[in-house]
Amino acid sequence: AVAEGDAVEDEIELLEAFEQVLVTLKYVATGGVQFAQGALEKVMGPGKTRKLLDRVAGLSGLLQVRDLAPDQIRAVIHDEPSERVATVLSQLESAQAIGVLNGLDGDQQSEVIARMDAGSQLSAEERRDLDVWLADRVDTVMES
């Protein structure tokens, strides 16, 4: 009877962990990484939030790029239109985005800055599409 109780508790813990992953991915897809982090920190605190974000990072391109160096991000967005580059940079922390921007050639840098100044917001669907695209690109670039 004790072993059965332990098995049920393990299943409940597994389901709760799965729910946390799903909620985290939903937050990232609808509001971006900063939104997800802020919302989760209010509920879980910064330490548990970081662990959860690290756990789901492989499932989300937006979370994956968070841990890349600026030169690695440039490799991911290499040859992409300025609009997409600006969109990716808008999802990064300021220091990280500046590092990426500083490594772009002058013409592309100017175009990206102009796009960022225009400041269009992503819909939830556009953010999900960007997240999936980034996950694919990060995997491709990191494998090569």
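Residues numbered from 1 in each chain as written. Predicted model: local features only at pLDDT ≥ 70, side-chain atom pairs only at ≥ 80, totals over all residues. Heavy atoms only, no water.

Caption draft 1: Seen up close, the overall build of the protein chain. Within the protein chain, the regular secondary structure consists of eight helices and zero strands. The linear arrangement of helices and strands in the protein chain, starting from the amino end, is α-α-α-α-α-α-α-α. Counting only C-alpha atoms and orienting by the principal axes, one finds that the protein chain spans roughly 70 × 35 × 25 Å. Buried residues in the protein chain amount to 35% of all 144 residues. (Helix = DSSP H or I, 4+ residues; strand = E, 2+ residues; numbered from the N terminus. Buried < 20%, exposed > 50% of the residue type's maximum accessible area, 1.4 Å probe, protein only.)

Caption draft 2: How the structure looks around a negative patch on the surface. On the surface, a cluster of negative charge is contributed by Asp6, Glu9, Asp10, Glu11, Glu13, Glu16 and Glu19. For Glu19, the location among the structural elements is in helix H1 (residues 2–44). (Patch = residues over 30% accessible without salt bridge, like charges linked within 9 Å, V, L, I, M, F, W, Y side chains within 5 Å. Areas by Shrake-Rupley, 256 points an atom, 1.4 Å probe, with all protein chains shown as cover. Salt bridge = Lys/Arg side-chain N within 4 Å of Asp/Glu carboxyl O. Lys, Arg positive; Asp, Glu negative; His and termini not counted. Charge placed at Lys NZ, Arg CZ, Asp CG, Glu CD.)

Caption draft 3: Broad picture of the environment of Ala86. In this structure, Ala86 sits in helix H5 (residues 82–90). The class for Ala86 is buried, based on a relative accessible area of 6%. Spatially, the C-alpha atom of Ala86 lies 7.3 Å from that of Ile113, the residues being 27 residues apart in sequence.

Caption draft 4: Structural view of the packing of aromatic side chains. The tally for this structure, following the rule as stated, stands at zero aromatic pairs. In this structure, Arg84 packs its charged tip against the face of Trp133, placed 4.2 Å from the ring centre. (Phe/Tyr/Trp six-rings, centres within 6.5 Å; stacked < 30°, edge-to-face > 60°. Lys NZ or Arg CZ within 6 Å of the ring centre and 35° of its normal.)

Caption draft 5: Molecular detail of the pattern of salt bridges. The full count for this structure, using the stated rule, is three salt bridges. Notably, a salt bridge pairs Glu83 with Arg115, separated by 4.0 Å at the nearest N-O pair. Here the residue Glu83 occupies a position in helix H5, and Arg115 occupies one in helix H7 (residues 106–118), the gap between them amounting to 32 residues. Looking at Arg115, the relative accessible area reads 45%, which means it is partly exposed.

Caption draft 6: Structural detail: unusual backbone geometry. A positive phi angle, near 70°, is found at Asp79, a position not held by glycine. Inspection of the secondary structure assignment puts Asp79 in the loop between helix H4 (70–77) and H5. Asp79 sits in the exposed class, given a relative accessible area of 66%.

Caption draft 7: The arrangement of the environment of Glu80 in detail. Tracing the chain through its elements places Glu80 in the loop between H4 and H5. Not counting residues up to four positions away in its chain, the partners in contact with Glu80 are Val85, Gln108 and Trp133. (Contact = heavy atoms within 4.5 Å.)

Caption draft 8: How the structure looks around the side chain of Thr49. Inspection of the secondary structure assignment puts Thr49 in helix H2 (residues 46–56). Overall, Thr49 belongs to the buried group, its relative accessible area being 1%. For Thr49, the side chain forms a polar contact with the main-chain oxygen of Leu40, separated by 3.3 Å. Among the polar contacts listed, one links the side chain of Thr49 to the backbone oxygen of Gly45, at a separation of 2.7 Å. Among all residues touching Thr49, those that are not within four sequence positions of it are Gln37, Leu40, Glu41 and Met44. (Polar contact = N/O pair within 3.5 Å; in protein donor to acceptor, adjacent residues only side chain to side chain.)

Caption draft 9: Seen up close, the packing of H4 against helix H6 (residues 94–102). Two elements in contact, H4 and H6, have axes whose closest approach is 8 Å; the angle formed by their N-to-C orientations is 65°. Where H4 crosses over H6, the two elements pack in a sense that is right-handed. Counted together, Pro70, Ile73, Arg74 and Ile77 of H4 and Gln96, Gly99 and Val100 of H6 form the full contact between these two elements. (Axes fitted to C-alpha atoms, helices over the stretch in contact; angles between N-to-C directions. Left-handed = near helix turned anticlockwise from the far one by under 90°.)

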